[in-house]
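These are the residues of each chain, in order.
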Amino acid sequence: MAAAGRHCHPKTRSTLVRGILAASTGAAVLALPLLGATCAQAATGASDVKLVTYKVVTGDTLAKIARKYPSSGGWKKLYEANSAVIGPNPSALRPGLTLTVGTKTVQNTVKTTKVTAAAAKTTTVKTTAAKTTAAKTTAAVKTYTNDLDGWIKQSLDVMAKNGIPGTYNGIHRNVMRESSGNPKAINNWDSNAAAGIPSKGLLQVIDPTFKAYHVPGTSWDSYDPVANITAACNYAAAKYGSIDNVNGAY
């Protein structure tokens, strides 16, 4: 054989400004409440509250307006909220008066931003996990070129898994001496050939040796490049310590 959320800090007390508008009609003095701007936004995604007003027209009554704006809580609460504007008589609604009829809640964008950020983070994590899985799968399915370089590298991986010593250079050197890199090489003239067991393949292994030192996971065809190299290196390791120690006929 030879996100954290934005924080808006409200003032300790809201500023309530009441403008006193004197009516020149000689009737009651009207007090129009003007709300100072405050921040109703919290890091938890609270909502902004905006005042909803209504301008009285001819024929309006508090009951009629209350029905049109259910959030006002009925005509009595509507009157309580606007008594300073209407005056002592809830039935005396003058066209042109501006009443507060409720509030409108505008959803804060902070919560939406948080949700969007969380969704983006989840997507990123999933995408990263998918890429990692794909990378592992790609790494697990290692490919080799179908030439001497690829055969030696594949054999070395098999040898590493089975604890068989040997290096790329040691294998390559012996292959070039024994077969010049031809996986179908066969010796039909030496004593082994005369005995009916010619040396075959890249490292010129006779069939009995190939079968005795065949490594599981490789082909049983002695001409198979990877199987031939691996079996020969297994034999060399048992007899010489490593294929690297072989420098001539073995």
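Just so you know, these numbers come straight off a predicted model, no measurement behind them.

Cut-off values and rules
- Residues numbered from 1 in each chain as written.
- Predicted model: local features only at pLDDT ≥ 70, side-chain atom pairs only at ≥ 80, totals over all residues.
- Heavy atoms only, no water.
- Helix = DSSP H or I, 4+ residues; strand = E, 2+ residues; numbered from the N terminus.
- Buried < 20%, exposed > 50% of the residue type's maximum accessible area, 1.4 Å probe, protein only.
- Areas by Shrake-Rupley, 256 points an atom, 1.4 Å probe, with all protein chains shown as cover.
- Phe/Tyr/Trp six-rings, centres within 6.5 Å; stacked < 30°, edge-to-face > 60°.
- pLDDT = per-residue confidence, 0-100.
- Contact = heavy atoms within 4.5 Å.
- Axes fitted to C-alpha atoms, helices over the stretch in contact; angles between N-to-C directions.
- Parallel < 35°, antiparallel > 145°, perpendicular 65-115°, else oblique.
- Left-handed = near helix turned anticlockwise from the far one by under 90°.
- Nonpolar A, V, L, I, M, F, W, Y, C, P; charged D, E, K, R; others polar.

## With respect to the overall build of the chain
And step 1. The helix and strand inventory of the chain stands at eight helices and four strands.
And step 2. For the chain, the α and β elements follow one another from N to C terminus as β-β-β-α-α-β-α-α-α-α-α-α.
And step 3. Out of the 250 residues belonging to the chain, those deemed buried represent 32%.
And step 4. Total accessible area on the chain stands at roughly 15300 Å², and carbon and sulfur atoms take up 57% of it.

## Some remarks on the packing of aromatic side chains
And step 1. Under the criterion given, the structure shown has three aromatic pairs.
And step 2. Between Y235 and Y250, the aromatic rings sit 6.1 Å apart at their centres with planes inclined by 40 degrees, giving tilted as the arrangement. One end of the pair, Y235, is in helix α8 (residues 225–240); the other, Y250, is in the segment after α8, and 15 residues separate them in sequence. Each of the two residues, Y235 as well as Y250, counts as buried.
And step 3. The structure contains a cluster of three or more aromatic residues connected by ring pairs, namely Y213, Y235 and Y250.

## Brief notes about the confidence of the model for the chain
And step 1. Mean pLDDT over the chain stands at 79; residues scoring 70 or higher make up 67%.
And step 2. Within the model, the stretch residues 3–45 combines pLDDT values under 50 with 60 contacts to residues more than four positions away or in other chains.

## Comments concerning the packing of helix α4 (residues 148–161) against helix α5 (residues 168–178)
And step 1. Their axes nearest at 10 Å, the elements α4 and α5 cross at an angle of 130 degrees. With respect to each other, α4 and α5 are oriented oblique. Here α4 runs over α5; the crossing is right-handed. From α4, L148, D149, I152, K153, L156 and M159 reach across to α5, where they touch Y168, I171, H172, V175 and M176.
And step 2. A per-class count over the contact of α4 with α5 returns eight nonpolar, one polar and two charged.

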